[in-house]
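Residue-level structure breakdown
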Amino acid sequence: MHINSLKHITKHALIENIPDPPEFYLPLYGYKGVLKTVVETGQYVKKYELVAQAEDLFSTAMHAPASGIMEGVEIIEGKPHLKLVNDFKEAAIDLSLQQSEHLKPLEILQILKQYGIEGSGGARFPTHLKYSLGHQNVDIFIINGAECEPYLTADYALMQNKTEALFKSIISIQKIIKAKKVVFGIEKQNKELATILKSYYSLCDFPVEVKLLPNTYPQGGELQLIKSITKKELPKGSRPLEHGIVLSNIGTLWAIYNALFQNKPYIERVITLSGEKAIKKGNFYVKIGTPVSHLFDLSAADTQKHQIVLGGPMMGKAITDYKSPVTKGTGGVLILPEIQNEKYNCIECGYCANACPQRLMPMEFARYAKTDNKEQLLSHRLTDCIECGACAYICPSDVPLMRSIYHGKEILQNTIAL
Amino acid sequence: MNLNPYIKAKKNSVSAIMFDVIIALMPLVLAAYAAFGFKAIWLITTAVITCLITDFLFNALYAKKYNSFLDGSAMITALLLSFTVSPLTPWYVLAFGSFCAIVFGKLLWGGLGKNRFNPALVGREFMTAFFPLMSTAAIWSTNSIRNTKDFHLFANDSLLGMYSNDLVFKTTGALGEYSMLFIVLGGLYLIIRKRISWHIPFAILTVFLCGTWLSSACGLELKYSIAGMILGSIFMATDMPSSPNGYPGMLYYGGMIGLVSIFFILGNVRFEYLSYAILLLNGFTPFINQIFRPRAWGEKVDYAIKTEKIFFLTLAIIAAAMAILTLHYYGFIKYLIYIYIVYITFKFNFSFIKNIHNPI
């Protein structure tokens, strides 16, 4: 399905710095589970200092994006956040500088783990785990530059302006995974990037190529991207690594570059600020934990009838509490007009089924989620849904498809838990 | 709390879809006017007004929805229903048909989108069942009241010229069948706007034309209206709620409609062959949707089982077609309609009314 990409708004904006907020709300949740704080309430922390970590299976870490005083855990929209009051002194802890060019694979993995590097596309899977291969050989290392969500151009801006950094990052990762080739996947509408990327091929001693992908939504979905590049159709739930595939997002490469070459933990990422109701728009370096209210003031947005979305307009999440922060998986903050839809009965037009990238029948989810019919939900393969929102976008009747999908998955989850 | 996505496809609501269909049907109103003047317009208006009023009253009474009659679907039902009747049809018969189309074809199922059968064709069958006049040859002898002489776009002296003129404008048959050109243009418009896909009309017409060709090769002369076939396959068989929604299912459904209508014509069904065929396949649509469910991403499908299911479905459709033909032969179709009335009224009272506010 084609969606108007709306990327032209911020596509050619350079990446700018913004002033730090007076308060940070550091998210204490990651791919799975909750991070434990390692600092006391009232304690003074320096910039880059470790403030929270998870030492479980999906271990990850959170570092202070600025110096200041810790003010304990606060629940925002049902999730725990660690409040940090910025003292604007920028007192940083001294991190011993590494010999970044000569790091050994295991040392790199250790740094990725210590510095809290996570997948930046949204799912936030810990990166050091992704690159821990075991005995698996990797045929192809796919760089996900598809960024199929409308409005978002953070990855585009990085590919355009920080190309060398991304390549340095890839070369370091290649020391660990030793993929036979590296492929950039970018959408056709961004084909001007191909020329820029190609001029850096000479840095690499392994084959690199750029693959132009169709401008369809959701091209950046992991399974869809793998199909477009390798022609392999992996069922949902299978690990790409088992098929010799490793994928990383552009934002993740940038975080890895900062960790290995700038010696900075993951405290900052690039996001797009855009949307019809935002006045200042563009791509910005934003510290993790920056509350939306800070960006809202920065964008000087229209305060009438707007909604703020963390992430893209298709898969992002509207927030009601303006303290909600930018996380390591947030690619953008959008200030959009509220949509008013005309609601009708489902007319069985089949648009949702045609739009579904997983080739499911979303209208059946709406039918059976209403009556909590688990057997039918399973036999229509609700568990294969990737929640991309394409069905709800195209539905002419505005049937509550996403609500049904989330509700259906919840009741299936509860059944399995029992 | 609003859920994702936070943007919507523009100009894509149900009323936009209905509006497109109405646009596609408008040229046919024009052709009907050219052929039978205000007589045609009067009939069409009667149908439209009856449908709108019925839709409004019923929705206001049972669903407490006061503006849903403006969504355009009642208007389309009215237009399509009036396109299937002769210009000699008495206005009260058409008004009765329109009322039944909306009530028994759509609203008793629970409203817009929930109908199993095409409402316009349901209305048509009600007219035939309650007014025997509708299935006599007399009602089709329209030459006496025709408004204009045949309109000739091309010189009428060559065979090709005559043939081309017939495609543009030919005043025989029902109100919607006078201009094959306009029907096809309307269909193309809907395909371009993605309101219908080409699969259903293509499958119906391909199978149907192959069938007629085979029959004539066997020495059987078939009586049918090609304009009526095209009108039905583009505008009636593609009705969204009552037709399958995946492409393979659509091809199967269309193919079966083509086959079954040939079968009915061979069985001496004079006027109702296509409406029977479409209504019959409408009934099988949920099964077609189930069997032709698209292969999910990465799913492995057992094609042997699928083929077997398709085979038995086809057998069931043919058996049902035989049953309909038998009923038709003995003039029992009207009893089928009576049974339908009782069934759908009970079903509405005890089941569908509870879901009247559900969107699906």
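Residues numbered from 1 in each chain as written. Chains lettered and ligands numbered in written order. Predicted model: local features only at pLDDT ≥ 70, side-chain atom pairs only at ≥ 80, totals over all residues.

**Topic: the overall build of chain A**
Within chain A one finds 13 helices and 17 strands. Expected size for 418 residues packed as a compact globule is a radius of gyration near 22 Å; at 21 Å, chain A falls within 12% of this value. For chain A, the spread of C-alpha atoms along the principal axes amounts to about 65 × 50 × 45 Å. Here chain A holds 418 residues, and the buried ones make up 51% of them. When contacts within chain A are restricted to residue pairs at least 6 apart in sequence, those whose partners lie at least 24 apart make up 71%. (Helix = DSSP H or I, 4+ residues; strand = E, 2+ residues; numbered from the N terminus. Rg over C-alpha atoms; globule rule 2.2 N^0.38 Å. Buried ≥ 20, exposed ≤ 12 C-beta atoms within 10 Å, placed from the backbone. Contact = placed C-beta atoms within 7 Å.)

**Here's the deal with the overall build of chain B**
Along its length, chain B carries twelve helices and zero strands. Overall, chain B shows an N-to-C arrangement of helices and strands of α-α-α-α-α-α-α-α-α-α-α-α. By the compact-globule yardstick of 21 Å for 360 residues, chain B fits well, its C-alpha radius of gyration being 21 Å. In terms of overall dimensions, chain B has a C-alpha envelope of 65 × 50 × 45 Å along the principal axes. Considering only intrachain contacts with a sequence separation of at least 6, the fraction spanning at least 24 residues in chain B is 75%.

**Some thoughts on the domain arrangement of chain A**
In many reports, interface size means the accessible area that the parts give up when they come together. Residue and element names in this part refer to chain A. Here the domain parsing of chain A yields domain 1 (117–261) and domain 2 (351–417). Measuring from the centre of the C-alpha atoms in domain 1 to the corresponding centre in domain 2 gives 29 Å. On the domain 2 side, the residues contacting the five residues of domain 1 number six residues. When the residues that make up the side of domain 1 that touches domain 2 are grouped by side-chain class, the tally is two nonpolar, two polar and one charged. (Domains from an automatic or database assignment. Nonpolar A, V, L, I, M, F, W, Y, C, P; charged D, E, K, R; others polar.)

**Digging into helix α9 (residues 247–266) of chain B**
With 20 residues, α9 of chain B should reach 28 Å at 1.5 Å per residue; the first-to-last C-alpha distance of 29 Å fits that figure. Phi turns positive one or two residues past the end of α9 of chain B, at N268 of chain B, with a value near 65 degrees. (Expected span 1.5 Å × (residues − 1).)

**Observations regarding the sheet that holds strand β8 (residues 79–86) of chain A**
The strand order across the open sheet built from four strands is β2-β8-β7-β4 (chain A), with neighbouring strands paired in antiparallel fashion. Edge positions in the open sheet fall to β2 (23–27) and β4 (44–45) of chain A, since each of these has one partner strand only. (Pairing = 2+ DSSP bridges.)

**Considering the environment of I192 of chain B**
Tracing the backbone through its elements, the reader meets I192 of chain B in helix α6 (residues 180–192). Counting along the chain gives 142 residues from I192 of chain B to K334 of chain B, while the straight-line C-alpha distance between them is 39 Å.

**Structural notes on the domain arrangement of chain B**
Residues and elements named next belong to chain B. Once the domains are mapped, chain B shows domain 1 (13–193 + 331–360) and domain 2 (196–329). For domain 1 and domain 2, the distance between their C-alpha centroids amounts to 21 Å. The partner domain 2 presents 24 residues to the 28 residues of domain 1 that form the contact. Put simply, the parts of the chain that give the side of domain 1 that touches domain 2 at least two residues each are α2 (73–83), α4 (119–130), α6 and α12 (333–350). Per-element tally for the side of domain 1 that touches domain 2: the top contributor is α6, with seven residues. Broken down by class, the residue content of the side of domain 1 that touches domain 2 amounts to 14 nonpolar, nine polar and five charged.

**Examining the pairing of strand β12 (residues 245–249) of chain A**
All names here are of chain A. For β12, the buried fraction is high: five of the five residues fall into the buried class. Burial along β12 is two-sided: the face carrying I245, L247 and N249 and the face carrying V246 and S248 are both buried. With five bridges joining them, strand β9 (residues 140–145) and β12 adopt parallel strand pairing. Opposite I142, over in β12, you have L247 as the bridge partner.

**Details of the interface of chain A and chain B**
Residue-level contacts link 46 residues of chain A with 32 residues of chain B. Secondary-structure elements contributing two or more residues to the side of chain A that touches chain B are β15 (306–310), β16 (317–319), α10 (362–370), α12 (390–394) and α13 (401–417) of chain A. In terms of residue count, the dominant contributor to the side of chain A that touches chain B is α10 of chain A (four residues). For the side of chain A that touches chain B, the residue count by class is 26 nonpolar, eight polar and twelve charged.

**Here we look at α6 of chain B**
All names here are of chain B. In a regular helix each residue adds 1.5 Å, so 13 residues correspond to 18 Å; α6 covers 18 Å between its end C-alpha atoms and thus fits that length. Every buried residue of α6 is listed here: F182, I183, G186, G187 and L190. Buried residues of α6, viewed axially, fall in a sector of 140 degrees; they line one side. Once α6 ends, the next one or two residues include K194, with phi positive near 60 degrees. (Arc of directions from axis to C-beta.)

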